[in-house]
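# A closer look at the structure
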Amino acid sequence: MIGFNVRGTWSIYKREVMRSLRTAFQSILSPVLTTSLYFIVFGTVIGARMEPVDGVAYGAFIIPGLLMLTLLGETTSNSSFGIYMPRFTGTIYELLSAPVGVAETLIGFVGAAATKGLILAAIILVTATFFVDYEIKYPLFAALYIMLIAASFSLFGFILGIWADGFEKLGIIPLLILTPLTFLGGTFYSIDDLPEPWNSVALANPIAFLVSGLRWTFYGTSDVPIALSLGLTLGFLAVCTAIIAFIFKTGWRLRE
Amino acid sequence: MQEPILSIAGLSKVYSGGVKALDDVDLDIRKGEIFALLGPNGAGKTTLIGAVCGLVRPSGGVITAFGHDLKNDWRSARARIGLVPQELSTDMFETVERAVSYSRGLFGHAPDKARIHEILRSLSLYEKRSSQIRELSGGMKRRVLIAKALAHEPELLFLDEPTAGVDVELRKDMWEQISALRERGTTIILTTHYIEEAEEMADRVGIIRGGKILMVDDKASMMKRLGRTEAVLQLAEPLSELPPSIAAFPLELSADGRELCFRGGDGTGKGRQQVADLTKALIAAGIDFTGIDIRESSLEDIFVSLLTEQEEPA
């Protein structure tokens, strides 16, 4: 009996990473450019006139939020596109007929999407140093938390790519749900500064917990307890994993 | 008797819309043979292949490949099976060599550039190894699909309509490739619309219609059992009825008595001898004729006649 297919997993991972490199301008330079513009406008120009938030200079305060904005959008899009394209072109036949199961497929596709997310995060953090001064208080926690977020939203994107039956559906969640929720999730402000009832409304947004959690790893301050942010992220990861396991078990939208 | 390399028992598939694509299919495939699965559109050929290769979830039945139950030990079985799909589904922006190497890795094999190059050479793809697949012609894309399926050196290869949409020259070329694979010991199951293809290459033939296997037999046995000789004699003078001296032959008059049609014999050529006897009997009876058209029935005739026999009455 053959066990876990290591070479198969590596093949999927390598091909997905190469696919991202093939479209490097779109997949790496474009989000970096967009984030740089945010730093210029909000961090340098407007940020210079803003008061520090929770003792953190405004330009530095928005770094975790902007990082989250890119991370969520890119990992979700990349992962969803990665599995949707083989479905769309029909090349998924090869994956389905190969000796690879849910573990190999997930590690390959989601791992590649998460890797790209981490590379982007690193580039954005380096880019940020050109515009604002900042120091990460808990760098190890920050790295682990970024990895957790990248993995979770890559899994989410994978589900999206299997659910979508057209390019419109593929783009609708990152553009119309994730981006607005990240903007409203305290990217540019502290939720604690919002008056009621907007403070309570903002806390109904799960992305606010993620932004807050990442900000804690950067500066040690957060709108909600870090344990809550971490618990929510781990819970989201578990739910996405369970949904994908169900999809593979039933063959939903994969096998007729 | 040799253990079959693939054994299908009671396989059924009902799609969510209620369409019954496979209905209690039993089929055994022998090691090293070329098996042609023939059937009209919608007969269930692709569904059958999909069920074995993991693209379709069977509704019932058991599939065993290389002694492994595909439901429980699918990894071991799939690692030894290759599939060339009917559709030209390829990653258009990938180069030929990378696409084939990817397939090898996906099936758990270590990279082997020399082996990949050997496969590309055997399919006349070596010169195109650095080209993106989108730059290739339809026939070359189909070769890439075959190369991808061969990359992990499968022992059992499914070819779903391998020559659909390719020109005559390339089709003959593909037949040579398939024969070469068989010589290397690969067991091949192919579906085709071109009966000529099955006739040319297959050792055994299965006929499927409406999700049911109607017949499985050695090609030679099938031809012998169901083959016929057909001869049409153009008479110099029309006949109103068959004279008693030739009434024992399987004959009928047509074209207002101007043609005498013989349908008899079997696939062994026995019918030709009977036609020779008939001509002697005609001469002896003083019946003159101006020409004879004689032909042996092809696999296509057998295929069409079997399907016609199975047609439900309206």
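For the structure given in this document, a descriptive report is provided here. (Residues numbered from 1 in each chain as written. Chains lettered and ligands numbered in written order. Predicted model: local features only at pLDDT ≥ 70, side-chain atom pairs only at ≥ 80, totals over all residues.)

What follows deals with the sheet that holds strand β4 (residues 60-65) of chain B. Residues and elements named next belong to chain B. In spatial order, the strands read β2-β1-β4-β5; together these four strands make up an open sheet with antiparallel pairing. The open sheet has two edge strands, β2 (20-29) and β5 (68-69), and neither has a second partner. Where β4 and β5 come together, two bridges link them in antiparallel fashion. Each residue of the ladder has a partner; that of T64, found in β5, is D69. Where helix α1 (residues 45-53) meets the sheet, it contacts β1 (6-14), β2 and β4, and its direction lies at approximately 65° from that of β2. (Pairing = 2+ DSSP bridges. Helix = DSSP H or I, 4+ residues; strand = E, 2+ residues; numbered from the N terminus. Contact = placed C-beta atoms within 7 Å. Axes fitted to C-alpha atoms, helices over the stretch in contact; angles between N-to-C directions.)

A few words now on the interface of chain B and chain A. Each partner contributes to the interface: chain B provides 27 residues, whereas chain A provides 23 residues. Contributions of two or more residues to the side of chain B that touches chain A are made by α2 (74-78) and α3 (96-106) of chain B. If one sorts the elements of the side of chain B that touches chain A by residue count, α3 of chain B sits on top with four residues. Residues of the side of chain B that touches chain A, tallied by class, amount to 12 nonpolar, eight polar and seven charged. (Nonpolar A, V, L, I, M, F, W, Y, C, P; charged D, E, K, R; others polar.)

What follows deals with the packing of helix α2 (residues 24-46) of chain A against helix α4 (residues 63-89) of chain A. Residue and element names in this part refer to chain A. One can describe the packing of α2 onto α4 by two numbers: an axis separation of 10 Å at closest approach and a directional angle of 160°. By the angle between their axes, α2 is roughly antiparallel relative to α4. Here α2 and α4 pass one another in a crossing that is right-handed. Along the contact surface, α2 presents S27, P31, T35 and Y38, while α4 presents L66, T70, E74 and N78. (Parallel < 35°, antiparallel > 145°, perpendicular 65-115°, else oblique. Left-handed = near helix turned anticlockwise from the far one by under 90°.)

Right, let's talk about the nonpolar core for a bit. Core analysis: the largest hydrophobic core is formed by 128 residues, its most contacted members being L71 of chain A together with A36, A65 and A147 of chain B. Among the elements that take part in this core, helix α7 (residues 139-163) of chain A stands out by supplying 12 residues, more than any other. (Core = buried A, V, L, I, M, F, W, Y, C linked by C-beta atoms within 7 Å. Buried ≥ 20, exposed ≤ 12 C-beta atoms within 10 Å, placed from the backbone.)

Here we come to unusual backbone geometry. Most peptide bonds are trans, and most residues other than glycine sit at a negative phi. For the bond from E196 of chain A to P197 of chain A, the omega torsion is 5°, close enough to zero to count as cis. Its place among the elements puts P197 of chain A in the loop between α8 (167-187) and α9 (198-203). Even without being glycine, R253 of chain A reaches a positive phi, approximately 65°. Judged by the 13 C-beta atoms lying within 10 Å of it, R253 of chain A is partly exposed. You will see that E153 of chain B, though not glycine, has its phi angle at about 55°, which is positive. Relative to the helices and strands, E153 of chain B resides in the loop between α5 (138-150) and β7 (156-160).

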